Amino acid sequence: MDKKMLSDLQKEYQEIQIPTELNHMVQIGLERGRAKKTKTNTNMIFKICASFSVALILFIAAVNASPTFANILKDIPYAGKLVKILQFNNGNSGGGFITDGTDISQIDSFETDGYENIFINFSQSEELQENVGAFKVRYDENPYTMTFEIGGARRFSAAENFEKILENKYVKDIYTIITLDDSTIRFVIEFEKPVEYIVEEREAPASIVIMFKEDKKFEEKKTYSLRTESHPNGPTIGSLEEEFFVKDETRILKDEDGLFFVEIQSFNTKEEAEKKLEALTKITDKAILIEEKIGGKDSQSYPAEIMNKN
């Protein structure tokens, strides 16, 4: 392949919308590839190149055959130009640029081409923002949550749109969570079921697009969650998160009564959870519990004032 042809292909790639089905297959392939530790050799490199060439041909063909989503985006004024499709590593990804004074101004939802779609838009001084602020996104199981952390954000006007998002058949809840950084806003989308998901970053205007549908092949597994007592969503929860923070594992969740708690870590066996609990009790006087969890079942409520009395 000569340089001109390669350049032309790169240009085409940058200008077209990736179909959701194809991108999901690419995402699955990447996740599986990361999970396997294999030797790299010349034959493997040739195989990867050959596979990429085939994928590129299928990709261009699929774009031409499935314009539905791209055509719908053309009619949405707040859907900007594709910047990138996020690639997730152990459920974590991110993107955007450093900004300040951002208002998370709108969240909308609609269905197309077999996928549910949620749009998140950003503004500055009541004008749509050019680029998305630096952000992180993370997908977890038991329960099935997608947590967003938006840097440089000072307002969350889109909270007024939560009722519209709750009408989505796969969305169980959507709520903000405390952050002790006054220039960061975090919120959680909780799903009824495990989902296949694709997340896009867009610009001019700035937006994050989440496309998802039920993951019917997902096999639910029981886990053992190491967690705190339940508190109102406020500084106490923020302090507990800082105290017990474990990189890429700790998360703030809502319980069955609408209170909040910190899930410190999740383990596959009760023995692992008990071992970690024993270590934590030696360095803190805070109450830590082990909760058995599976699927989207509501987390139990353990209000701090009641636990302290007992």
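Residues numbered from 1 in each chain as written. Predicted model: local features only at pLDDT ≥ 70, side-chain atom pairs only at ≥ 80, totals over all residues. Heavy atoms only, no water.

**Quick word on the overall build of the protein**
The helix and strand tally for the protein stands at eight helices and 16 strands. When the 310 residues of the protein are sorted by exposure, 45% land in the buried category. The contacts of the protein with a sequence gap of at least 6 include a subset with a gap of at least 24, amounting to 72%. Surface exposure of the protein reaches about 17200 Å², of which carbon and sulfur atoms provide 51%. (Helix = DSSP H or I, 4+ residues; strand = E, 2+ residues; numbered from the N terminus. Buried < 20%, exposed > 50% of the residue type's maximum accessible area, 1.4 Å probe, protein only. Contact = heavy atoms within 4.5 Å. Areas by Shrake-Rupley, 256 points an atom, 1.4 Å probe, with all protein chains shown as cover.)

**Re the nonpolar core**
Judged by nonpolar contacts, the single largest core of 34 residues is most densely connected at Ile104, Ile120 and Phe148. With 19 residues, the next largest nonpolar core counts Phe260, Ile264, Ala273 and Leu280 among its residues. (Core = buried A, V, L, I, M, F, W, Y, C linked by side-chain atoms within 4.5 Å.)

**As for the sheet that holds strand β16 (residues 288–293)**
Spatial ordering of the open sheet is given by β14-β15-β13-β16, a layout of four strands whose pairing is antiparallel. Every interior strand has two partners, whereas the edge strands, β14 (251–254) and β16, have only one. Taking each pair of neighbouring strands and ignoring which way they run, the sheet shows an average axis angle of 40°. Relative to β16, strand β13 (residues 223–228) runs antiparallel, the two being bridged by six bridges. The partner of serine 225 across the bridge, within β16, is glutamate 291. Where helix α6 (residues 235–244) meets the sheet, its contacts fall on β13, β14, β15 (260–267) and β16, and the angle it forms with β15 comes to roughly 20°. Strands β13, β15 and β16 of the sheet are contacted by helix α7 (residues 270–280), whose axis makes an angle of about 20° with β13. (Pairing = 2+ DSSP bridges. Axes fitted to C-alpha atoms, helices over the stretch in contact; angles between N-to-C directions.)

**Here we look at unusual backbone geometry**
Backbone geometry follows two general trends: most residues other than glycine have a negative phi, and most peptide bonds adopt the trans configuration. With an omega dihedral of 0°, the bond running from asparagine 142 to proline 143 counts as a cis peptide bond. Within the secondary structure layout, proline 143 lies in the loop between β6 (135–140) and β7 (144–151). A cis geometry characterises the amide bond from alanine 204 onward to proline 205, with omega recorded as 5°. On the secondary structure map, proline 205 appears in the loop between β11 (195–203) and β12 (207–214).

**Focus on the sheet that holds strand β9 (residues 171–177)**
Sheets are built from strands that pair by backbone hydrogen bonding, the pairs being arranged parallel or antiparallel. Ordered in space as β2-β6-β7-β10-β9, the five strands form an open sheet in which the pairing is antiparallel. The sheet terminates laterally at β2 (92–95) and β9, the two strands that pair on one side only. On average, each strand axis in the sheet is inclined to that of its neighbour by 15°, with strand direction left out of account.

**With respect to the pattern of salt bridges**
Tallied over the full model, the rule gives 17 salt bridges. Put simply, aspartate 100 and arginine 154 hold a salt bridge, and the shortest N to O gap is 3.0 Å. Of this pair, aspartate 100 sits in the loop between β2 and β3 (102–112) while arginine 154 sits in strand β8 (residues 153–155); the two residues are 54 residues apart in sequence, bridging distant segments of the chain. What makes arginine 154 partly exposed here is its relative accessible area of 42%. Among the salt bridges present, the one from lysine 222 reaches glutamate 292, with a minimum N-O distance of 3.4 Å. You can see lysine 222 sitting in the loop between β12 and β13 and its partner glutamate 292 sitting in strand β16, a full 70 residues away along the chain. One continuous salt-bridge network, built from bridges that share partners, spans Asp100, Arg154 and Asp182. (Salt bridge = Lys/Arg side-chain N within 4 Å of Asp/Glu carboxyl O.)

**Looking at the confidence of the model for the protein**
Summary statistics for the protein give a mean pLDDT of 83 and a share of 74% for residues scoring 70 or more. Contacts of residues 12–26 to residues separated by more than four positions or lying in other chains number 33 contacts, the stretch itself having pLDDT below 50. (pLDDT = per-residue confidence, 0-100.)

**Thoughts on the environment of isoleucine 294**
With respect to the element layout, isoleucine 294 can be found in the loop between β16 and α8 (304–309). By relative accessible area, isoleucine 294 is classed as partly exposed at 38%.

**Details of the side chain of aspartate 173**
Along the polypeptide, aspartate 173 turns up in strand β9. For aspartate 173, the side chain forms a polar contact with the side chain of lysine 254, separated by 3.1 Å. Among all residues touching aspartate 173, those that are not within four sequence positions of it are Leu166, Val188, Ile189, Glu190 and Lys254. (Polar contact = N/O pair within 3.5 Å; in protein donor to acceptor, adjacent residues only side chain to side chain.)

**A short note on the packing of aromatic side chains**
A complete count under the given rule lists eleven aromatic pairs for this structure. Aromatic pair tyrosine 139 and phenylalanine 191: ring centres 6.5 Å apart, planes at 45°, arrangement tilted. Of this pair, tyrosine 139 sits in strand β6 while phenylalanine 191 sits in strand β10 (residues 184–191); the two residues are 52 residues apart in sequence, bridging distant segments of the chain. A relative accessible area of 10% places tyrosine 139 in the buried class. The interplanar angle of 70° and the centroid separation of 5.6 Å between the aromatic rings of tyrosine 175 and phenylalanine 260 together place this pair among those described as edge-to-face. Of this pair, tyrosine 175 sits in strand β9 while phenylalanine 260 sits in strand β15, and the two are 85 residues apart along the sequence. Since its relative accessible area comes to 4%, tyrosine 175 is described here as buried. An aromatic cluster of three or more residues is present, and its members are Phe88, Tyr139, Tyr170, Phe191, Tyr197 and Phe212. (Phe/Tyr/Trp six-rings, centres within 6.5 Å; stacked < 30°, edge-to-face > 60°.)

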